[in-house]
Amino acid sequence: MERPYEDDEDELRRRRRRMRRRQEMRRRRRRRMLIRRTIKIGMAAAAIGILLFMIKIIWGKINPDRGTVFGLRQRVTAEAQNALLADSMSNGGAVNPEGDGQGAGDGSSGVQPDYRYEATEDTLALGEDITSSYALFVDTENDTILASRDAFSRMVPASMTKVLTALVAAEHVENWDDTFTITIDITDYSFKNHCSNAGFDRDETVTIRDLMYGTILPSGADASLGLAIYVAGSQEAFVDLMNKKLEELGLSKTSHFTNCVGIYEADHYTTAYDMAVMMEGAIQNEMCREVFSTRIYTTSATEQHPEGIELSNWFVRRIEDKETNGIPVYGKTGFVDESGSCAVSFGTNENGRTYICVTANSGSKWWCINDHAKLYQELTKEP
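All values reported here derive from a predicted model rather than from experimental measurement.

A. Local environment of the overall build of the protein chain. Assigned secondary structure in the protein chain consists of 11 helices and 10 strands. Here the protein chain, with 383 residues, has 48% of them falling under the buried criterion. Here the analysis covers contacts within the protein chain between residues at least 6 apart in sequence; of these, 64% occur between residues at least 24 apart. Summing over all exposed atoms, the protein chain offers an accessible surface of approximately 19400 Å²; the carbon and sulfur share of this is 50%.

B. Up close: a nonpolar patch on the surface. Together, I48, L51, L52 and I55 give the surface a local cluster of nonpolar side chains, amounting to about 400 Å² of exposed area. Within the secondary structure, I48 sits in helix α1 (residues 3–62).

C. A look at the side chain of N259. Structurally, N259 can be placed in the loop between α7 (235–248) and α8 (272–283). A distance of 3.1 Å separates a polar atom in the side chain of N259 from the backbone nitrogen of V261. Of note is the side chain of N259, whose polar atom sits 3.0 Å from the backbone oxygen of I263. Leaving out residues up to four positions away in the same chain, N259 has contacts with T161, Y189, Q235, V239, M242, E265 and H268.

D. Geometry of the environment of L217. Within the fold, L217 resides in the loop between α5 (208–216) and α6 (221–232). Placed 77 residues apart in sequence, L217 and T294 show a C-alpha to C-alpha distance of 7.8 Å. Sequence-distant contacts of L217, that is, excluding residues within four places in its chain, are made with V291, T294, R295, I296, Y297, L311, S312, N313 and W314.

E. Quick look at unusual backbone geometry. Not every positive phi belongs to a glycine, and D143 is a case in point at roughly 55°. Inspection of the secondary structure assignment puts D143 in the loop between β2 (134–139) and β3 (144–149). Judged by its relative accessible area of 31%, D143 falls in the partly exposed class.

F. Local environment of the packing of α5 against α6. The geometry of α5 relative to α6 is characterised by a closest axis approach of 8 Å and an angle of 135° between their N-to-C directions. Classified by the angle between their axes, α5 and α6 sit oblique to one another. Note on packing geometry: the crossing formed by α5 with α6 is left-handed. Counted together, I208, L211, M212, G214 and T215 of α5 and A223, S224, G226, L227 and Y230 of α6 form the full contact between these two elements. In terms of residue class, the contact of α5 with α6 is made up of six nonpolar, four polar and no charged.

G. Broad picture of helix α3 (residues 161–172). Here α3 contains 12 residues, and its C-alpha end-to-end distance of 17 Å stays within 8% of the 16 Å for a straight helix at 1.5 Å per residue. Burial of α3 is extensive: 10 of the 12 residues sit out of reach of the surface. Looking at α3, one finds that the buried residues are T161, K162, V163, L164, T165, A166, L167, V168, A169 and A170.

H. Region of the structure containing a positive patch on the surface. On the surface, R16, R17, R20, R21, R22, R26, R29, R30, R32, R36, R37 and K40 cluster together into a positively charged patch. With respect to the secondary-structure elements, R26 resides in helix α1.

I. Summary view of the nonpolar core. Of all hydrophobic cores here, the largest spans 71 residues; its most connected members are L211, M212, M278, I356 and V358. A per-element tally of this core places α8 first, with nine residues. Core analysis: the next-biggest nonpolar cluster, separate from the first, contains 19 residues, F315, I319, I369 and L379 among them.

J. Molecular detail of the packing of aromatic side chains. Inspection of the entire model under this criterion finds six aromatic pairs. Here the aromatic rings of F152 and Y273 are separated by 5.5 Å at their centres, their planes lie at 45°, and the arrangement is tilted. Of this pair, F152 sits in the loop between β3 and α3 while Y273 sits in helix α8, placing them 121 residues apart in sequence. Residue F152 is classed as buried on the basis of its relative accessible area of 3%. Considering the side-chain rings of Y213 and Y297, the 3.9 Å spacing of their centres and the 5° angle between planes classify their relative orientation as stacked. Of the two residues, Y213 sits in helix α5 while Y297 sits in strand β6 (residues 296–298), which places them 84 residues apart along the sequence. Overall, the relative accessible area of 4% leaves Y213 in the buried class.

What counts as what
- Residues numbered from 1 in each chain as written.
- Predicted model: local features only at pLDDT ≥ 70, side-chain atom pairs only at ≥ 80, totals over all residues.
- Heavy atoms only, no water.
- Helix = DSSP H or I, 4+ residues; strand = E, 2+ residues; numbered from the N terminus.
- Buried < 20%, exposed > 50% of the residue type's maximum accessible area, 1.4 Å probe, protein only.
- Contact = heavy atoms within 4.5 Å.
- Areas by Shrake-Rupley, 256 points an atom, 1.4 Å probe, with all protein chains shown as cover.
- Patch = residues over 30% accessible without salt bridge, like charges linked within 9 Å, V, L, I, M, F, W, Y side chains within 5 Å.
- Salt bridge = Lys/Arg side-chain N within 4 Å of Asp/Glu carboxyl O.
- Polar contact = N/O pair within 3.5 Å; in protein donor to acceptor, adjacent residues only side chain to side chain.
- Axes fitted to C-alpha atoms, helices over the stretch in contact; angles between N-to-C directions.
- Parallel < 35°, antiparallel > 145°, perpendicular 65-115°, else oblique.
- Left-handed = near helix turned anticlockwise from the far one by under 90°.
- Nonpolar A, V, L, I, M, F, W, Y, C, P; charged D, E, K, R; others polar.
- Expected span 1.5 Å × (residues − 1).
- Lys, Arg positive; Asp, Glu negative; His and termini not counted.
- Charge placed at Lys NZ, Arg CZ, Asp CG, Glu CD.
- Core = buried A, V, L, I, M, F, W, Y, C linked by side-chain atoms within 4.5 Å.
- Phe/Tyr/Trp six-rings, centres within 6.5 Å; stacked < 30°, edge-to-face > 60°.

This is the structure:
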């Protein structure tokens, strides 16, 4: 009498199993459909990207006015560029991106610049293949501007600031083997401002030479502050020396610094043109040129770092595998949100001709490096 009931139970379990199998099959089908759709969307996006890239290449070849390294391919009139330069040096301030022409300083220094670059009839305007919003490429042998983009407009220098930090320090340090002890104020300042560091510890005693290399190669704020305090007693006093140096270089109307590290502050600014002048001033200094040209440096042994700290030159490591027309290129990178990726570099060809390149406000550190490589590759070719 119990058998019919048991049969019903068996049948119910079989139905449930069949239902679960059907549900599982439907879920698998839905997953497969979702995967196929995702793949199709990805393939479509890739195809669109390739198509747009091909269009850009073809358009650049068909219409040399766009999509090339030199964009309009026009020869910017020397009068136009030199008028901008004269205006920026005489109206009391750099040409602002907003176009208000205002700048810091009273414009009363009357100091003639040690270095001055002028545009010629061969000066080129840079085009869309150069991603940086601000750029300048100069030949220091004859002080000419080979190419530019908004080179006289105010921009944020970020850690390119350390070019002037190194130059001012080099002009004041008498004994590079002297020592300095890293303080808690230095490490706290660096931490609070999210700075890159060389890696020195609090209470670590290091040589001034190590501070110099730590400032440039890894862009260390700890090293920069150490240099500033060693030279002038405080960062504020050192910044006064930096602005005095800008005045000596004839740049006080268009550049003004408020710190030695490159932290963004409203009154901390420069132009691409001014940054090139600072770099030329730096490479005329033997110590600065040696530091900028170093790929890897190991600091002296200390109690905290018995084997020293290996410091790498970020700029050199990034550009060394790029094509630069056979010219070794050295420089200093920078980045804050307000500046985008930026860099200032120099390179000397086998004939002894030195070039300086400045770019700022690129979308990534690699785009920035690629801009430098392209400019050296294209603009340093000699007949």
